[in-house]
Every structure is written in C-alpha cells, then in structure tokens.
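Examination of the molecular architecture
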Amino acid sequence: MKTLKHYSIIVLLLTFVGCNISPKPIDYGNDGCHFCKMTIVDKVHAAEVVTKKGKVYKFDATECMINFMDEFDTSTIKLYLSNNYLEPEALIDATESTFLISENIPSPMGAFLSAFKTKTEAETKQAEKGGTLYSWEELLAHFKD
C-alpha cells in the first residue's frame, strides 16, 4: 500500500512538471534561431513559440517566428511571444501586441519590425521614428503578401 501511495505521488509530480506550458528564458549570445539558425543576440527583437505540449522554439526576430509558422502545424501552438521593444528581454503576448515597421528601427533580419505591449507605446515610438502600425492579424496578412 505504501509503495502504491509513493507511486501515485511520483506520477502526480511528473504530470505537473511534464505539462509546464510556459516561456523559457532566451540565452542571448548562445541560443540559436530555430528558423534561420543565427545566434540570438538582439534583446529587443527576439521571439518565442510555446506549443500546447510545452515545447519551446526560439527566434532571433518576430519575422523568423512568422516565417516558421508557414512550415509548422500552428494548431499545436499555445503561445506566440515577442520581445517588448521598450523592455529588453521581456517577452509579451504577440497576439495582443502592436507592431511597428519603421526603417528607422533596424531588426536582425531586416524587416524593421518591433513589438510593443500597448498601442499607445507603439504610437509614441511611431511619432518619433515613423513607420506603420499593425495588429497581430494585420502583421500576419502583411507577411503573406
């Protein structure tokens, strides 16, 4: 009986640990982009996808994450995350973010694409740097063109 109780506790612990669906920190300067294979060094443009099973894919730029989606079963993705331009290394929900494409803000892959947590923050940076604002859906449509 005691062995069965221990076994149940171990199974429960493995269930909780094995189903951890959350972002993983990007090891800048060491982690590689899953799409283009470049080393991730830019702390304001990196991105990450987390699947429903908890597998994490890291990218050096949001545009690499979007291009990755063309060759991946997106129905298995739980989280789309992009670095917040105004808070280096902080990952934010890309589907709720506002994006700015401005040729005055270079990004690793040359799309000039930056993510902002709020539309107001993006509008403030747009007023300073120029460019065009996009929601997540608008951004995906822009990249399909």
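Whatever comes next refers back to the structure up there.
Residues numbered from 1 in each chain as written. Predicted model: local features only at pLDDT ≥ 70, side-chain atom pairs only at ≥ 80, totals over all residues. Heavy atoms only, no water.

1. Quick look at the pairing of strand 3 (residues 77-84)
Within strand 3, six of the eight residues are buried, which leaves it mostly tucked inside the rest of the structure. Summarising the sheet, strand 1 (residues 47-51) and strand 3 pair through five bridges and their orientation is antiparallel. Across the sheet, Val50 pairs through a bridge with Leu79, a residue of strand 3. Taken together, the four bridges between strand 3 and strand 4 (residues 87-93) define a ladder with antiparallel strand orientation. Looking at strand 4, one finds that Asn83 is bridged to Leu91. (Buried < 20%, exposed > 50% of the residue type's maximum accessible area, 1.4 Å probe, protein only. Helix = DSSP H or I, 4+ residues; strand = E, 2+ residues; numbered from the N terminus. Pairing = 2+ DSSP bridges.)

2. What about unusual backbone geometry?
Of note, the phi angle at Lys37 is positive, near 75 degrees, even though the residue is not glycine. Secondary-structure assignment places Lys37 in the loop between helix 1 (2-18) and strand 1. Residues other than glycine seldom take positive phi values, yet Phe112 does so here, at roughly 55 degrees. Its place among the elements puts Phe112 in the loop between strand 5 (98-101) and strand 6 (113-116).

3. Structural notes on the pattern of salt bridges
If you walk through the whole model with that rule in mind, you get four salt bridges. Asp31 is the salt-bridge partner of Lys58, the closest N and O atoms lying 2.8 Å from each other. Pair noted here: Lys58 is in strand 2 (residues 56-59) and Asp31 is in the loop between helix 1 and strand 1, with a separation of 27 residues, a long-range link. Taken individually, Lys58 and Asp31 each receive the classification buried, so the pair is uniform in this respect. (Salt bridge = Lys/Arg side-chain N within 4 Å of Asp/Glu carboxyl O.)

4. Quick word on the environment of Glu96
Among the structural elements, Glu96 can be located in the loop between strand 4 and strand 5. Between the C-alpha atoms of Glu96 and Glu137, which are 41 residues apart in sequence, the distance is 9.7 Å.

5. Quick notes on the side chain of Lys58
With relative accessibility at 18%, the residue Lys58 sits in the buried group. Polar side-chain contacts of Lys58 include one of 2.9 Å to the backbone oxygen of Pro25. Here the side chain of Lys58 touches Asp31 through a polar contact of 2.8 Å, side chain to side chain. Those residues in contact with Lys58 that sit more than four places away from it in its chain are Lys24, Pro25, Ile26, Asp31, Gly32, Cys33, His34, Ile40, Ala47 and Glu48. (Polar contact = N/O pair within 3.5 Å; in protein donor to acceptor, adjacent residues only side chain to side chain. Contact = heavy atoms within 4.5 Å.)

6. A word on the packing of aromatic side chains
Going through the model one piece at a time under the given rule, you end up with seven aromatic pairs. A ring pair is formed by Tyr57 and Phe68, whose centres lie 5.1 Å apart and whose planes are at 40 degrees; its orientation type is tilted. Of this pair, Tyr57 sits in strand 2 while Phe68 sits in helix 2 (residues 62-69), placing them eleven residues apart in sequence. Comparing Tyr57 with Phe68, the two get one shared label, buried. The interplanar angle of 45 degrees and the centroid separation of 5.3 Å between the aromatic rings of Tyr80 and Trp136 together place this pair among those described as tilted. With Tyr80 in strand 3 and Trp136 in helix 4 (residues 136-144), this residue pair connects regions lying 56 residues apart in the sequence. Overall, the relative accessible area of 12% leaves Tyr80 in the buried class. (Phe/Tyr/Trp six-rings, centres within 6.5 Å; stacked < 30°, edge-to-face > 60°.)

The values are spatial; any link to function lies outside them.
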